[in-house]
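# A structural walkthrough
Here are the chains, one letter per residue:
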Amino acid sequence: MISYDKIEPRWLYRRQLKSHITAMAILKIARMGHPVLRVRAHEVVDPRGPQVLKLVDDMLETMIDADGRGLAATQVHVPLRVVIFQVPLDEDEEKNGSLTILVNPSIEKLTKEVEYDWEACLSVPELIGLVPRCPKIRYHGTTPVGVKVDCIAEGFHARVVQHECDHLDGFLYPQRMDDMSLLLFREEMRNGIPDEARRLMEDVDAE
Ligand code: NI
């Protein structure tokens, strides 16, 4: 049994031994209950290291294959502080949005109130839940090419960043919910949105 809280970031460098393997890879996604999803991931010592680029390549391939909007390194069994997500960064952007890669991200909440909206997660397959999140945040991080990121995000963008960064601290979205009756199998949404969910979402919109 691997002890995930004792793994050193250097384990990632084992990939160098396999220098004949250079293609991107679709990685296995950890599901709720796996210990790697419970630990606080380690800071990346060298965000510009080639191993980080390789990890990000594989995460991107994995996220696209799984049709996800975001992915944290812990979700692919790598306990390092790396997230990727693809969201429209402003209203002018096209539906699919830009890809953002953040190494060692941090978040500052800019409002005290919360907004409710549905979230899903590749580590919690088939379910969706209504999650309260801060609607406006500022986040920082570094890209794998060493660019400092300092961004203010609102709405869906802010939600995705909080969801992904939560993964790095061992939290899954159901742990952020305040009404577990609003954790549903996605398929059951065909029967309509629960009244309580509608009320919570409208309350916020009315403010
Ligand atoms: Ni997730």
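Below is a short write-up of the structure. (Residues numbered from 1 in each chain as written. Predicted model: local features only at pLDDT ≥ 70, side-chain atom pairs only at ≥ 80, totals over all residues.)

### A few points about the sheet that holds strand β1 (residues 70–72)
Pairing is antiparallel across the open sheet formed by five strands, whose spatial order is β1-β2-β3-β6-β7. The outermost strands of the open sheet, each flanked by one partner alone, are β1 and β7 (148–154). Along the sheet, successive strands turn relative to each other by an average axial angle of 40°, direction set aside. Pairing geometry for strand β6 (residues 136–142) and β7, over seven bridges, is antiparallel. When the bridges of β7 are listed, Tyr139 appears paired with Cys151. Across the sheet, helix α1 (residues 50–65) lies against β1, β2 (82–87) and β3 (98–109), angled at about 40° from β2, the strand it touches most. Contacting β1, β2, β3, β6 and β7, helix α2 (residues 155–168) crosses the sheet at an angle of about 160° to β2. (Pairing = 2+ DSSP bridges. Helix = DSSP H or I, 4+ residues; strand = E, 2+ residues; numbered from the N terminus. Axes fitted to C-alpha atoms, helices over the stretch in contact; angles between N-to-C directions. Contact = placed C-beta atoms within 7 Å.)

### Observations concerning α2
Over its 14 residues, α2 extends 21 Å from the first C-alpha to the last, a length consistent with the 20 Å expected when each residue adds 1.5 Å. Summarising burial for α2: twelve of the 14 residues are buried, a large majority. Among the residues making up α2, those that are buried are His157, Ala158, Arg159, Val160, Val161, Gln162, His163, Glu164, Cys165, Asp166, His167 and Leu168. Of the residues trailing α2, Gly170 is marked for its positive phi of about 85°. (Expected span 1.5 Å × (residues − 1). Buried ≥ 20, exposed ≤ 12 C-beta atoms within 10 Å, placed from the backbone.)

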